[in-house]
Amino acid sequence: MFEFKFSLFLTILSVSWAWDIPNYMDKPTIYADDISVSNLPHNELVGENRYRLPDVIKPLGYDLKIVPELDNNNFSFTGDLTIRINILNTTDEIVLNSHQLHFHKSSINITLDDSPIGQVYRIDLANLTFDPFYQQAIIKTIQPLRQGIEYHLKIKYEGVLTTRMLGFYRSWYYLGNETRWLGSTQFESTFARSAFPCFDEPRFRSTFKLSIARDGSRSTISNMPLESTSNPDPAIGNRVWDIYEESPPMATYLFAFSIFDFAKITDNSTGRVNVYAQNISIAEGEFIVNEAPTILDVLGNYTNLTFPLTKIDIVAVPDFNAGAMENWGMTTYREKYVLFKENVSTTLDKQWILSIVAHEFAHQWFGDLVTPSWWDYTWLNEGFATYFEYYVPSVMRPEWRMLDQFVVRELQPALAADEGSSHPINANVSSPSEIDAIFDVISYNKAGSVLRMIKHFLGELYYRKGLQHYLRHALIHDSGTVKPNTLWHGLESKLPSELLPNGTSLRQVVSTWVDQDGFPLLTVTRKNRSIIIEQSAYSRTLTRDGRVNEEKAWWVPLTFTTDKELNFTDTTTKAWLGPQKSVEIKMGDALQWIIFNIQQTGYYRVNYDLESWMSLASTLSTNHTSIHPINRAHLLDDAFTLATSGKVDYEIPLKLSAYLVEEDDFIPWFVAIKHYGGLIRRFRDNKVGEHLKKTYTSFVQTAYNKLSAINEQNRTYSERLAASSLFPQACMLGIEECQSKYLKDFADWLHAVSNQSHPAPAFDPDTKYTTLCTGVRAGNHSVWEAVWNYYVKTDISTEKSLLLQVLGCSQNSSSLKT
């Protein structure tokens, strides 16, 4: 699921681009009109694991017939459900999840079929109880359900198609003045129970067989291919049943279906990938439908497991809260995350579309094929997907430098959020609200960063083989259900002992990273011909007694290079810093400088002694390209962050960043924009802020002059990304050359869109934000209204997203309050 990831990215953009610029929810009730049904107040059912279902029953398969109502303002659905269950321990109680669904005791039928002549035995029911707080339905039987026997639990129920974009919900889009209704699902994390009664925990992997009713104006899709379509059925108003193939075992949160009147395109190379979208937008799916088969191939090659299903869908949903969702065989997305229009959508749009689909496709292995047993281990899904959303495009488009971007877009934001006030990667969650909260920077960014670190200290060969063993072992021995120990077992399977500290296992090493929050700060001191490295838990603040937390310690893989070596490609671990908290490394001849954490493969910060910081600043000012761009970004991020927390004087990051007047790589600039923007905003009303802004403007001016001198069509991919970040800064800072060019371009654009007879002028998409933001910032309310009217008119999703950001560039308070 991608909701958190993209919201974090937009937050970064808001810092980078706008640092100087200041639901209706249906709530159906739980019915209790059957005298044998009661709603228990939650305090009557108390227990340590009360949110969890008992371990006495195992669901084997679901057979669901569902009838959605999308017309005549009758937004509801009925379901006819059969669950095959196996009794693990004799019991007279079935507890399953149900939320805001309506059914009675008389709607339930429990049978078993163990007669050689096919006689069906029915189990009599004692009562049915709903617990709305824990979202459970408790079915009591008169006769016990006996261990080892398979039963069929049948329930007929009703529900409401809400607009809250969770469970089975209704959505819409406009075709001219007509509202077109559709039904879609979002079951992660605990919302399958809002669509059908179920054992709604990820450990309960079961098969799914779906039949869904539709009229002739709509079509349906689900996880599996369509098996058949019935003749019109009078029992459902002469609609037809679309009947889908039975799925492999999977978790309830991955079951999905939709009913709509979308168009479809299929990839030409394999016929396995389908894109569904509104008719008016379907052509914008051409980019991803042609790229998606390669994404599957890259992931299949890496895992040595071919994608197991016969098809995979990419569905562009107009109204979708989750951002993107990895339903097995039927991935769903907000429109702007998968639809791309040439000469309108930006370079960054294309990058993110490929990355987001790679993220959701990675889940087809990590999450769908093998599933964490509980939400404590959400990171086993999201951490891998986060890493592969960068790895896969790096294979497909090496010039995009996606693995370089991982550091500034994932790892550094994780460090910023993980300063001792969050939770460990291995979490402890119970309630639905706690589960939802775990989809955060720790489960995505930090987990992906720690997995990347493990890959580097194990080496690509052993890491890859270990992941392949992990997936196969989980499928063969654990029925596809995993815990972290399953992963560690896989990675340790053929691991040479010399890759780890003496006397330690991989589990001991990684436990320090996944079972405690925070991360280490390494303090590096030069002493004669030695380097002393010490670790402590990083914190922005001191403890109450004025000291830092000295209890935590990590097994830290140390990588480094010096001015003598200049080797920024070797990320092999040269030494380990363990719980003893300090280590001394003999370095021989005197060094000008040493840099730890090559390409920032380790998840930690580094603080050097003053002499070392000044030597690094001097090297950057004289020959910055001798240091890898990732490590230039790393030095800037650590130095500014350490200064903000009072651990070094601001003189250090300001001296380090003086070299930016020569920098033209977008990776260090990504960091510089973030930190200078924050400082200027912090000190905007005094002389310090004025001085910072003047200094920063001189850096941006030089970079702008270099980039703008390159013809737009001749810019490399890196230069295009740099321009899309730096040009808005240049105009915002008042650099005359930037403002004069883009204000003129904006005037041309505004004239065209305000005059229906004139088409909007063609812009380089990567500078369109600069053009429109600069014009809106300088314009009055009527200008803002013109841009708003164009936003309403355009049907291109990526352009709508850009225009929303542009509207926030206004300096007119009345416009921003509109």
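Residues numbered from 1 in each chain as written. Predicted model: local features only at pLDDT ≥ 70, side-chain atom pairs only at ≥ 80, totals over all residues. Heavy atoms only, no water.

(A) Geometry of the overall build of the chain. From N to C terminus, the chain includes 21 helices and 31 strands. Its C-alpha radius of gyration of 29 Å places the chain within 12% of the 28 Å reference for a compact globule of 818 residues. Seen through its principal axes, the chain has C-alpha atoms that stretch 90 × 75 × 55 Å. A buried classification covers 61% of the 818 residues belonging to the chain. (Helix = DSSP H or I, 4+ residues; strand = E, 2+ residues; numbered from the N terminus. Rg over C-alpha atoms; globule rule 2.2 N^0.38 Å. Buried < 20%, exposed > 50% of the residue type's maximum accessible area, 1.4 Å probe, protein only.)

(B) Quick peek at the pairing of strand S3 (residues 76-87). Bridge analysis of strand S2 (residues 57-69) against S3 gives twelve bridges, and the strand direction is antiparallel. In the strand pairing of S3, Ile66 is matched with Gly79. Linking S2 to S3, which pair antiparallel, is a turn of six residues; within it Asn72 sits at a positive phi near 60°. Note that S3 and strand S9 (residues 150-160) share eleven bridges and pair antiparallel. In the strand pairing of S9, Ile85 is matched with Tyr151. (Pairing = 2+ DSSP bridges.)

(C) Expanded view of unusual backbone geometry. Along the chain, Glu188 connects to Ser189 via a cis peptide bond; the corresponding omega equals 10°. Position of Ser189 relative to the elements: it lies in the loop between strand S11 (178-186) and strand S12 (207-214). Positive phi is not limited to glycine here, since Met165 has a value of about 60°. Secondary-structure assignment places Met165 in the loop between S9 and strand S10 (167-175). A relative accessible area of 10% places Met165 in the buried class.

(D) Focus on the confidence of the model for the chain. In this model, the chain carries a mean pLDDT of 91, and residues with pLDDT of at least 70 account for 91%. Per-residue pLDDT stays below 50 along residues 6-47; that stretch engages in 93 contacts with residues further than four places along the chain or on separate chains. The model gives residues 543-547 a pLDDT under 50, and that stretch makes three contacts with residues more than four places away or in other chains. (pLDDT = per-residue confidence, 0-100. Contact = heavy atoms within 4.5 Å.)

(E) Main features of the sheet that holds strand S17 (residues 263-266). Overall, mixed pairing links the five strands, which are arranged S17-S18-S19-S21-S20 in an open sheet. The outermost strands of the open sheet, each flanked by one partner alone, are S17 and strand S20 (324-325). Sheet topology places S17 next to strand S18 (residues 273-277); four bridges connect them, and they run antiparallel. Note on S18: the bridge partner recorded for Lys264 is Tyr276. Docked against the sheet, helix H2 (residues 286-303) engages S17, S18 and strand S19 (312-317), running at close to 150° with respect to S18. The strands touched by helix H3 (residues 347-362) within the sheet are S19, S20 and strand S21 (330-334), with S21 carrying the most contacts at an inclination of about 145°. (Axes fitted to C-alpha atoms, helices over the stretch in contact; angles between N-to-C directions.)

(F) Inspection of the sheet that holds strand S31 (residues 605-608) at higher detail. Taken in spatial order, the four strands of this open sheet run S29-S25-S24-S31, and their pairing is mixed. The two strands at the open ends of the sheet, each matched to only one other strand, are strand S29 (582-586) and S31. Each adjacent strand pair in this sheet contributes to an overall mean axis angle of 25°, direction not counted. In the sheet, strand S25 (residues 530-537) pairs with S29 via five bridges, with the strands oriented antiparallel. Pairing of Ser530 across the sheet is with Lys586, part of S29. Where helix H12 (residues 629-644) meets the sheet, its contacts fall on strand S24 (520-527) and S31, and the angle it forms with S31 comes to roughly 75°.

(G) View of the pattern of salt bridges. A full pass over the atoms with the stated rule returns 37 salt bridges. Asp638 serves as the salt-bridge partner of Arg605, at 2.9 Å between the closest nitrogen and oxygen. In this pair, Arg605 sits in strand S31 while Asp638 sits in helix H12, placing the two residues 33 residues apart along the sequence. By the burial criterion, Arg605 is buried, and Asp638 matches it. (Salt bridge = Lys/Arg side-chain N within 4 Å of Asp/Glu carboxyl O.)

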